[in-house]
Amino acid sequence: MQTLPRSPIIEDLRATYAQYSRYLDTQWDGSGWNYAVPSPPYREISRNSHDNLRLQMTLATFYRFRTDAAATAMVQSALRNALIELPAKQSNAVKVNGVQTSTRSFHDMIGLYLALRVLDQHPGILPAEEKRRTLENIKTILPWALQANDTENRAMLGAAYAAAILNHPLLIFTPEEQKKYTNLIRQKVATGLQSVDDQYLYHEGTPPQFSLHYHLVSADMLWYVGHALNEPRYLDIATQMIQNVHIRYPKGRLQVAATERPNNAGLQLVLLRAVGEKILGSNDWEQYWQQEKVDRGFVDPQYPDRLVWLDANDATANDDYSFSNMAELFWETLNP
């Protein structure tokens, strides 16, 4: 059987994963990876991924193309911690005024999806019984994550990753579950759309302010849900939102001046932009990636293998860990 060539952007994603994983090797402490996003809008300082579903799976994802024993051991440990140990000691809901209220969020939804991707990409990484428990825990957490009180772009993220989970071949859902969860996904989309105005621009916070990064996050997520649910209205709104970016930011001129957080553009934003151009059907969509990735990503002079974005205001270096979240969700979209 003939092997089709991979898209150049996929080759870049593979190289990015490999390079950042080398840095992450130095940040493993035996139970999780150290990371930091010290920029003022985020304030994630001296953090570790242990006992954090999203971060364990996010950072483990960067080991996708590593087959050495050390890499396998780290991914296996992170997977066990996030999906076997952690669910046993975490509550999915608490009673608030007598009502069971979700303790989950879009963070958990991203972690659940990435766990499924890790299981796909590392066959046999868990014994059969541990894999069964992992999948069972994913199915248990999913409805609570769908009921989480996420707003703005976070609701769009929760909706998109939930749609991806529903379609993942490692899980089987009954027709009743499919219907229930699809309705909850639509509710999340409705919440997210409250932050999109009649000019198809995303605003967040109080007072509402424009964020290019989260505008593209919301648009790409909305397109993903529209594609997964075959929903023309979602696809139309997402396309209009992406078209706004296409017009306002010509190729090679992607920058976040005059927008809110984050205070600079990293490789994650460049990737989201390339996804958007692919959605629009631009013949030169990969050129957006090739031109706009220059001088972004591995730009921490102290740690050249660390994937970061640099805050334009205070020059702090911030781990661009969510890059893998976006890359995994749109991997097949980028590599037809």
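Our subject is the structure listed above.
Being a predicted model, the structure only gives us computed values, none of them experimental.

Rules and cut-offs
- Residues numbered from 1 in each chain as written.
- Predicted model: local features only at pLDDT ≥ 70, side-chain atom pairs only at ≥ 80, totals over all residues.
- Heavy atoms only, no water.
- Helix = DSSP H or I, 4+ residues; strand = E, 2+ residues; numbered from the N terminus.
- Expected span 1.5 Å × (residues − 1).
- Buried < 20%, exposed > 50% of the residue type's maximum accessible area, 1.4 Å probe, protein only.
- Contact = heavy atoms within 4.5 Å.
- Core = buried A, V, L, I, M, F, W, Y, C linked by side-chain atoms within 4.5 Å.
- 1 Å grid on protein atoms, 1.4 Å probe; cavity = no way out; pocket = protein on both sides within 12 Å on 5 of 7 lines; lining within 4 Å.
- Points joined across faces, edges and corners; volume = space filled by probe spheres on them.
- Nonpolar A, V, L, I, M, F, W, Y, C, P; charged D, E, K, R; others polar.
- Pairing = 2+ DSSP bridges.
- Axes fitted to C-alpha atoms, helices over the stretch in contact; angles between N-to-C directions.
- Parallel < 35°, antiparallel > 145°, perpendicular 65-115°, else oblique.
- Left-handed = near helix turned anticlockwise from the far one by under 90°.
- Salt bridge = Lys/Arg side-chain N within 4 Å of Asp/Glu carboxyl O.
- Arc of directions from axis to C-beta.

## Describing helix H7 (residues 175-193)
At step 1: Taking 1.5 Å per residue as the helical rise, H7 with its 19 residues ought to reach 27 Å, and the 27 Å between its terminal C-alpha atoms agrees with that figure.
At step 2: All of the buried residues in H7 are Tyr181, Thr182, Leu184, Ile185, Lys188, Val189, Gly192 and Leu193.
At step 3: Against the buried residues of H7 lie helix H5 (128-146), helix H6 (152-166), helix H8 (212-229) and helix H9 (232-248).

## Focus on the nonpolar core
At step 1: Within the largest apolar cluster, 105 residues are counted, with the highest numbers of intra-cluster contacts made by Met57, Met221 and Phe323.
At step 2: With 11 residues, the single largest contributor to this core is H8.

## As for the layout of surface pockets
At step 1: One number sums up the size of the largest pocket: a volume of about 510 Å³.
At step 2: Elements supplying a minimum of two residues to the lining of the largest pocket: strand E1 (34-37), strand E2 (44-48), helix H2 (53-61), helix H4 (106-121), H6, H8 and helix H10 (267-280).
At step 3: Counting residues per element, the lining of the largest pocket draws most heavily on H6, which supplies 3 residues.
At step 4: For the lining of the largest pocket, the residue count by class is 12 nonpolar, 8 polar and 7 charged.
At step 5: Each pocket or cavity is described by its volume, and for the second largest pocket that value is around 230 Å³.
At step 6: Together, 14 residues line the second largest pocket, and Tyr113, Arg117, Tyr224, Leu329 and Glu332 are the ones closest to its centre.
At step 7: Mapped by element, the contributors of at least two residues to the lining of the second largest pocket are H4, H8, helix H12 (323-329) and helix H13 (331-334).
At step 8: Here the lining of the second largest pocket is built from residues that sort into 6 nonpolar, 4 polar and 4 charged.

## Remarks on the pairing of strand E4 (residues 99-102)
At step 1: The pairing of strand E3 (residues 93-96) with E4 spans 4 bridges and is antiparallel. Bridge pairing links Ala93 to Ser102 in E4.
At step 2: Between the end of E3 and the start of E4, which pair antiparallel, lie 2 residues, with Asn97 showing a positive phi angle near 55°.

## Some points on the packing of helix H3 (residues 69-89) against H4
At step 1: Relative to each other, H3 and H4 sit at 140°, their axes nearing to 11 Å. Taken together, the axes of H3 and H4 lie oblique to each other. The chirality of how H3 crosses H4 is left-handed. In this structure, H3 uses Val75, Leu79 and Leu83 to contact H4, whose residues at the interface are Leu112, Ala115, Val118 and Leu119.
At step 2: Tallied by class, the residues present in the contact of H3 with H4 amount to 7 nonpolar, no polar and no charged.

## Let's talk about the pattern of salt bridges
At step 1: With the rule as written, the count across this model stands at 21 salt bridges.
At step 2: Salt bridges sharing partners connect three or more residues here, namely Arg64, Arg117, Glu328 and Glu332.

## A word on the pairing of E1
At step 1: Note that E1 and E2 share 3 bridges and pair antiparallel. Counted as the bridge partner of Val37 is Glu44 from E2.
At step 2: Between E1 and the antiparallel strand that follows it, E2, lie 6 residues; Arg43 among them carries a positive phi value of about 60°.

## Observations regarding helix H11 (residues 285-292)
At step 1: All of the buried residues along H11 are Trp285, Tyr288, Trp289 and Glu292. Buried residues along H11 cover an arc of 95° about the axis, so they all sit on one side.

## A few points about unusual backbone geometry
The general pattern is negative phi for most residues beyond glycine and trans for most peptide bonds.
At step 1: Looking along the chain, the bond that leaves Thr206 and enters Pro207 is cis, with omega of 0°.
At step 2: Structurally, Pro207 is set in the loop between strand E5 (203-204) and strand E6 (209-210).
At step 3: With a phi close to 70°, Ala258 is a non-glycine residue in the positive phi region.
At step 4: Assignment of secondary structure puts Ala258 in the loop between H9 and H10.

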